[in-house]
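# What the coordinates show
Letter by letter, the chains look like this.
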Amino acid sequence: MFELFSGLDAWLALSLALALLFVLTFEFINGFHDTANAVATVIYTKAMPPNLAVIMSGIFNFLGVLLGGVGVAYAIVHLLPVELLINVNTSRGLIMVFSLLAAAITWNLGTWYFGIPASSSHTLIGSILGVGLANALLTDIPLGDGVNWQKAIDIGLSLVFSPVAGFVVAALLFLALKYWMPTPKVHSTPVLRKETKGKNKPPFWNRLVLIVSAMAVSFVHGSNDGQKGIGLIMLVLIGIVPAKFVLDLNSTTYQISRTRDAAVHLGEFYQRNAPTLSEYLALGQAANTELPKQFRCDPKLTEPTINGLLRTLDGVNDYRDLSEEARIDIRRYLLCLDDSAKKVGKLPDLPAREKADLDKLRKDLTATTEYAPFWVILAVALALGIGTMVGWKRVVKTVGEKIGKQGMTYAQGMSAQITAACAIGLANVYSLPVSTTHVLSSGVAGTMVANRSGLQGSTISNILLAWVLTLPTSMALAAGLFYVSTLIFG
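Since the structure is predicted, the reported quantities are computational estimates derived from the model, not experimental observations. (Residues numbered from 1 in each chain as written. Predicted model: local features only at pLDDT ≥ 70, side-chain atom pairs only at ≥ 80, totals over all residues. Heavy atoms only, no water.)

As a further point, take the overall build of the protein chain. Counting its regular elements, the protein chain contains 20 helices and zero strands. Taking the contacts inside the protein chain whose residues are at least 6 apart along the sequence as the reference set, 83% of them involve residues at least 24 apart. Of the roughly 20600 Å² of accessible surface on the protein chain, 63% is carried by carbon and sulfur atoms. (Helix = DSSP H or I, 4+ residues; strand = E, 2+ residues; numbered from the N terminus. Contact = heavy atoms within 4.5 Å. Areas by Shrake-Rupley, 256 points an atom, 1.4 Å probe, with all protein chains shown as cover.)

See the structure below:
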């Protein structure tokens, strides 16, 4: 890890250290901000003592980050337009990272302080969108090109529909439990069980399900939210020390050959589908065109980009043998080819079988650019895991007592947690960032409605207000910080 500071000027090394600290601070805050939701039900129902619950949750969050992969990480990164990702310089990279993180941390701390289950995912995504739009204003790029809107729409849909699904599925699961297990002890609240049975803990099997599902929520939360931190650190490293991180320098000769072969096969794919793609890609019309110094990813420059990539990779067995400029060029070629291939895959006249082949080629193309060093994953896992162990009390009380007009029953806790674990786990499979906060809170609300116990209007309105305001507020904060900082320091 420490070798990344070697050869850097003192101010650049300090800036890099501060940027990494900012990201890890965000993940630490994310730990006690979001993970309180993961342990809220298991603590409120007294299935586990609070200290043990948060320690176990921290451990499972840690494991979730370690084992979660990087799919969600790069879904977050690619919210930014590819032109910004390939043309970012050191000063612009620093301003970008500090702006979006300062905005995200400010909003997260504010909502945590007031005990409002707001979403760190919404906050981070809003901050990234704000930076992209501010960059478009500063560089005279149309606002429509300032953000990867297709990726933003995909993520937006997942953030909107996941809490709706959580509400409905948790309600249905609760009704199923009420039908199949109508026994009162399953549907008791901790307070009622204490009064009638003199017992603090739920029945054994209820307790077991509550504990297992809480740890499952912690694990999938670590996998989903931890990857957001991984993506941010990779943005920092690529922006500030590109020579060491634009490509995975530990790539094997086989992986490099696979990347080169993917470029060759991509060219063959386009030729095979020339009747459909010839006009869109300008096939045969720009093969010998020189690529512009300032990279812009234009599908009509696909053939020159493939040729440039193959020339640069010719005879290369180790990325370390390449100059800094060559490594940066390769990453630009690969990102542009992937961006154009993604657009080609959405064309209506391309057969489904060919689209499937194109998706496989895209994975091979990005295999050595979409990665994260182990120390990055470990650092994020530690920050998230340790953050889990502090600051949980405010949100636990909100989830347990302030969503419904009555306290949460054991059946409601199980229904909400099982739903949240399955929903977030499914999102991980499809590399979609979702909000643990909103999925779990909406699941609890769904069980309250299904139980006809009613909802507390003030709490629900606060949650909905945070849900509505988080995205535009974080966008405005990040955009303002980026715009002003660029004018002053850029």
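Further remarks concern the confidence of the model for the protein chain. Averaged over all residues, the pLDDT of the protein chain equals 83, while 89% of them reach at least 70. Looking over the protein chain, one finds the lowest element-wise mean pLDDT in helix H17 (residues 393-402), namely 50, and the highest in helix H11 (residues 253-272), namely 94. (pLDDT = per-residue confidence, 0-100.)

Scanning all chains against the criterion turns up seven salt bridges. In this structure, Glu-354 engages Arg-272 in a salt bridge whose closest nitrogen and oxygen atoms are separated by 3.3 Å. Highlighted residues: Glu-354 in helix H15 (residues 352-365) and Arg-272 in helix H11, separated in sequence by 82 residues. We classify Glu-354 as buried; its relative accessible area is 11%. (Salt bridge = Lys/Arg side-chain N within 4 Å of Asp/Glu carboxyl O. Buried < 20%, exposed > 50% of the residue type's maximum accessible area, 1.4 Å probe, protein only.)

Together, Leu-137, Leu-143, Tyr-483, Val-484, Leu-487, Ile-488 and Phe-489 make up a nonpolar patch on the protein surface, roughly 750 Å² of accessible area in all. Broken down by element, the residue count for the nonpolar patch peaks at five residues, all from helix H20 (residues 457-489). (Patch = residues over 30% accessible without salt bridge, like charges linked within 9 Å, V, L, I, M, F, W, Y side chains within 5 Å.)

Assignment of secondary structure puts Ala-103 in helix H5 (residues 90-113). Residues Ala-103 and Ala-478, 375 residues apart in the sequence, show an inter-C-alpha distance of 5.2 Å. When neighbours within four sequence positions are excluded, Ala-103 is seen to be in contact with Thr-123, Ser-127, Ser-474, Leu-477, Ala-478 and Leu-481.

Counting through the fold element by element, Thr-259 comes out in helix H11. For Thr-259, a relative accessible area of 0% corresponds to the buried category. Here Thr-259 is in contact with Leu-313, Tyr-319, Leu-334, Asp-364, Leu-365 and Thr-368, once residues within four sequence places are set aside.

If you check H11, its first and last C-alpha atoms are 28 Å apart, about what 20 residues at 1.5 Å a residue would give, namely 28 Å. Every buried residue of H11 is accounted for by Ile-256, Thr-259, Arg-260, Ala-262, Ala-263, Leu-266, Gly-267, Phe-269 and Tyr-270. For H11, the elements touching its buried residues are helix H12 (274-281), helix H13 (302-313), helix H14 (324-344) and H15. (Expected span 1.5 Å × (residues − 1).)

In this structure, Leu-237, Tyr-270 and Tyr-319 are the most contacted members of the largest nonpolar core, which totals 98 residues. Setting aside anything within four residues of it in sequence, one finds Tyr-270 in contact with Leu-277, Leu-281, Leu-283, Thr-302, Ile-306, Ser-340, Ala-341, Val-344 and Leu-358. Counting 18 residues, the second-largest nonpolar core is a separate cluster that includes Val-39, Ala-47, Ala-53 and Val-54. (Core = buried A, V, L, I, M, F, W, Y, C linked by side-chain atoms within 4.5 Å.)

Further remarks concern the packing of H14 against H15. Relative orientation of the contacting elements H14 and H15 amounts to 165°, with a least axis distance of 10 Å. By the angle class used here, H14 and H15 are roughly antiparallel. Note on packing geometry: the crossing formed by H14 with H15 is left-handed. Listed contacts from H15 to Leu-334, Leu-337, Asp-338, Ala-341, Lys-342 and Val-344 of H14 are Leu-358, Arg-362 and Leu-365. Looking at the contact of H14 with H15, its residues break down into six nonpolar, no polar and three charged. (Axes fitted to C-alpha atoms, helices over the stretch in contact; angles between N-to-C directions. Parallel < 35°, antiparallel > 145°, perpendicular 65-115°, else oblique. Left-handed = near helix turned anticlockwise from the far one by under 90°. Nonpolar A, V, L, I, M, F, W, Y, C, P; charged D, E, K, R; others polar.)

Once that is clear, we can look at unusual backbone geometry. Here Lys-46, not a glycine, exhibits a phi torsion of approximately 65°, which is positive. Among the secondary structure elements, Lys-46 is positioned in the loop between helix H1 (10-44) and helix H2 (50-67). Phi at Ser-431 takes a positive value of approximately 55°, unusual for a residue other than glycine. In this structure Ser-431 comes out as partly exposed when scored by relative accessible area, which is 26%.

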